[in-house]
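Reading the structure
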Amino acid sequence: MVHQYSSQAHLSRSGDTEDIVALLAPRLAYFAGVARTEHVTRAAQEMQVPQSTLSRAMVRLEQDLGVDLFARRGRTVSLTPAGRTFLTSVDRALAEIEKAADEVRADADPATGKVAFGFLHTLGSETVPGLIRAFRADHPRVRFSLVQNYGEAMLERLRAGELDLCLTSPVPDAPDLIARRLDEQKLRLVVPADHRLATRKRVRLAEAADETFVTLEPGYGLRRITDDVCKEAGFRPRIAFEGEEAETLRGLVAAGLGVALLPPPAVPRPGVAELTVTAPRAVREIGVAWLDGHPDTPPVAAFKQFLLSRRGNLLPT
C-alpha cells in the first residue's frame, strides 16, 4: 500500500530546534519499536499501546519530517533508506536517554547514591575527610563528588544545581538558601617565628595594628571576617599580599612578609608562631547550606542529617 501524505504542512528545515524536539521526541521510541519488528501489530503488543495509536504516531512522524520512513504492505512495514538513516540516530538518542536515566537512578539510590558536596579549602585536609569517614561507617557505598572553593563560589554552584550541600563561612543569610550553623572556629594571629610577638601565647589584636597583613582576596569569607575583626579592634589592616589559600598565607608569614589572621592548621607549620587573640572575639562560624525547595535524594538527606547531628562537634579538637 502506498502511503499518502495529508495536506498538513510538515516542519521546515528552518524551524526552531526546540520545536522539532518537542514534536519528535515522544514518538521516537514508537518508531524504534516498529522499525525493530517491521510489524505494526506486533510492535503495539510489545509496547502495550493501542495499534491505532502507534499507526497514527508513525503517520504524524513522517508528516512532521516530510519524509517516508516506511514502505507499507498491510500491517507489515520495512524501512526506507531515509528510515534506516533516521533509525541509526534514534537508537543512539534512546541509548543516551536510557544511560541518563540509569545514572540519575543510581545517584539517588539510598545505598550507593551520590552526594555533591562543597567545602572551604581550609576544611579539606582534616575536617571533611574525617566527616566522610564517619558517615561511611553506616553508609559504606555512598559516593561523593567533592568540590573545594571559597564561599561565594560554592553558593553560586549550589544555586546552579551543581552542589547538594556545602560547608561554608560565614553562614549565609539569603532568601533562596537554608543554612544551619554547625560550629565555630577560633582564629589565630600568625606571626613570623622571629617576630616581636612570637614569644607570646596571647595577644590583643590591637597590638598588631601597625603590622603589615597578608590575607585572602576580597570575596572570601575569611577576608570579610578579618576586615570586620580588625575594624572592631580599632584599625584597618594594611594589606601587603592577597592570596587564595590559607596555607600559602602561612608560607608568606613564615617568609617574614606580614602577619595573618587564620584558622588553626591541620599540621603545625615551621617558621611561624600562632597566638590566641583575646580581644576582640576572633572566630568564624561554620555552617551547612542547601537550596530552599530543592528535593533531596535519599543519600543527600542522610548526609544532611549526619552533618546536622554534628552541631557543636564538627571540627577536630
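Remember, predicted model here, so these are calculated numbers, not experimental data.

**Some remarks on the confidence of the model for the protein**
Chain-level pLDDT for the protein is 90 on average; 92% of the residues reach the 70-or-more range. Across the protein, the secondary-structure element scoring lowest on mean pLDDT is helix 1 (residues 17-37), at 77, and the one scoring highest is strand 7 (residues 188-192), at 98. Across residues 1-9 the pLDDT falls below 50, and counting only partners more than four positions away or on other chains, this stretch makes 14 contacts in the model. Contacts from residues 11-15, a stretch scored under 50 in pLDDT, to residues over four places away or in other chains number 5 contacts.

**Some details on the sheet that holds strand 5 (residues 165-168)**
Strand pairing in a sheet relies on backbone hydrogen bonds. The paired strands run either parallel or antiparallel. Across the sheet, 5 strands lie side by side as 4-3-5-13-6; this open sheet has mixed pairing. The sheet is open, and its two edges are formed by strand 4 (143-148) and strand 6 (177-186), each paired on a single side. For this sheet the average axis-to-axis angle between neighbouring strands, irrespective of direction, equals 20°. Strand direction decides the pairing type here: strand 3 (residues 114-119) and strand 5, joined by 3 bridges, are parallel. Bridge assignment links F117 to a residue of strand 5, and that residue is L165. Helix 9 (residues 298-309) contacts strand 3, strand 4, strand 5, strand 6 and strand 13 (283-291) of the sheet and is inclined by roughly 40° relative to strand 3.

**A short note on the pattern of salt bridges**
A full pass over the atoms with the stated rule returns 21 salt bridges. Here R72 makes a salt bridge to E62, at a shortest N to O gap of 2.9 Å. Of this pair, R72 sits in strand 1 (residues 70-73) while E62 sits in helix 3 (residues 51-65), placing them 10 residues apart in sequence. For the pair R72 and E62, one class covers both residues: buried. When the shortest N-O distance is used, the salt bridge between R196 and E211 registers 3.0 Å. Note that R196 is positioned in the loop between strand 7 and strand 8 (202-204) and E211 in the loop between strand 8 and strand 9 (212-216), a separation of 15 residues in sequence. Among the residues examined, E211 registers a relative accessible area of 15% and is labelled buried. In the salt-bridge network here, residues are joined through shared partners; they are R181, E184, R281 and E285.

**Considerations on the packing of aromatic side chains**
Applying the stated criterion across every chain yields a total of 11 aromatic pairs. Three or more aromatic residues joined by ring pairs make a cluster, and in this case those are F117, F119, F135, F144, F303 and F306.

**Brief notes about the packing of helix 5 (residues 127-136) against helix 9**
Direction vectors running N to C along helix 5 and helix 9 enclose 115°, while the axes themselves pass 11 Å from each other. By crossing handedness, the relation of helix 5 to helix 9 is classed as right-handed. In contact with L131, A134 and F135 of helix 5, helix 9 contributes P299, A302, F303, F306 and L307. Its residues assigned to classes, the contact of helix 5 with helix 9 shows 8 nonpolar, no polar and no charged.

**A closer look at the packing of helix 2 (residues 40-47) against helix 3**
At their nearest, the axes of helix 2 and helix 3 sit 9 Å apart, and the two run at 115° to each other. The angle between helix 2 and helix 3 falls in the class roughly perpendicular. In this structure, helix 2 meets helix 3 at a crossing whose hand is right-handed. Residue-level inspection shows V40, T41, A43, A44 and M47 of helix 2 in contact with helix 3, the latter providing Q51, L54 and S55.

**Let's talk about the layout of surface pockets**
Roughly 560 Å³ of internal volume is contained in the largest pocket. Together, 31 residues line the largest pocket, and E126, Q185, P264, P265 and P316 are the ones closest to its centre. Looking at the lining of the largest pocket, the elements with two or more residues in it are strand 6, helix 8 (246-254) and strand 12 (272-279). Looking at the lining of the largest pocket residue by residue, the classes come out as 12 nonpolar, 9 polar and 10 charged.

**Structural notes on unusual backbone geometry**
Following S169, the chain continues to P170 via a peptide bond in cis, the omega torsion being -5°. With respect to the helices and strands, P170 occurs in the loop between strand 5 and strand 6. The omega angle of the peptide bond from A279 to P280 is -10°, so this bond is cis rather than trans. Here P280 is to be found in the loop between strand 12 and strand 13. Notably, E38 is not glycine yet its phi reads approximately 55°, a positive angle. E38 gets classed as partly exposed once you look at its relative accessible area, which sits at 34%. Backbone geometry places Q48, a non-glycine residue, at a positive phi of 60°. The exposed category is assigned to Q48, whose relative accessible area is 72%.

Cut-offs and rules
Residues numbered from 1 in each chain as written. Predicted model: local features only at pLDDT ≥ 70, side-chain atom pairs only at ≥ 80, totals over all residues. Heavy atoms only, no water. pLDDT = per-residue confidence, 0-100. Helix = DSSP H or I, 4+ residues; strand = E, 2+ residues; numbered from the N terminus. Contact = heavy atoms within 4.5 Å. Pairing = 2+ DSSP bridges. Axes fitted to C-alpha atoms, helices over the stretch in contact; angles between N-to-C directions. Salt bridge = Lys/Arg side-chain N within 4 Å of Asp/Glu carboxyl O. Buried < 20%, exposed > 50% of the residue type's maximum accessible area, 1.4 Å probe, protein only. Phe/Tyr/Trp six-rings, centres within 6.5 Å; stacked < 30°, edge-to-face > 60°. Left-handed = near helix turned anticlockwise from the far one by under 90°. Nonpolar A, V, L, I, M, F, W, Y, C, P; charged D, E, K, R; others polar. Parallel < 35°, antiparallel > 145°, perpendicular 65-115°, else oblique. 1 Å grid on protein atoms, 1.4 Å probe; cavity = no way out; pocket = protein on both sides within 12 Å on 5 of 7 lines; lining within 4 Å. Points joined across faces, edges and corners; volume = space filled by probe spheres on them.

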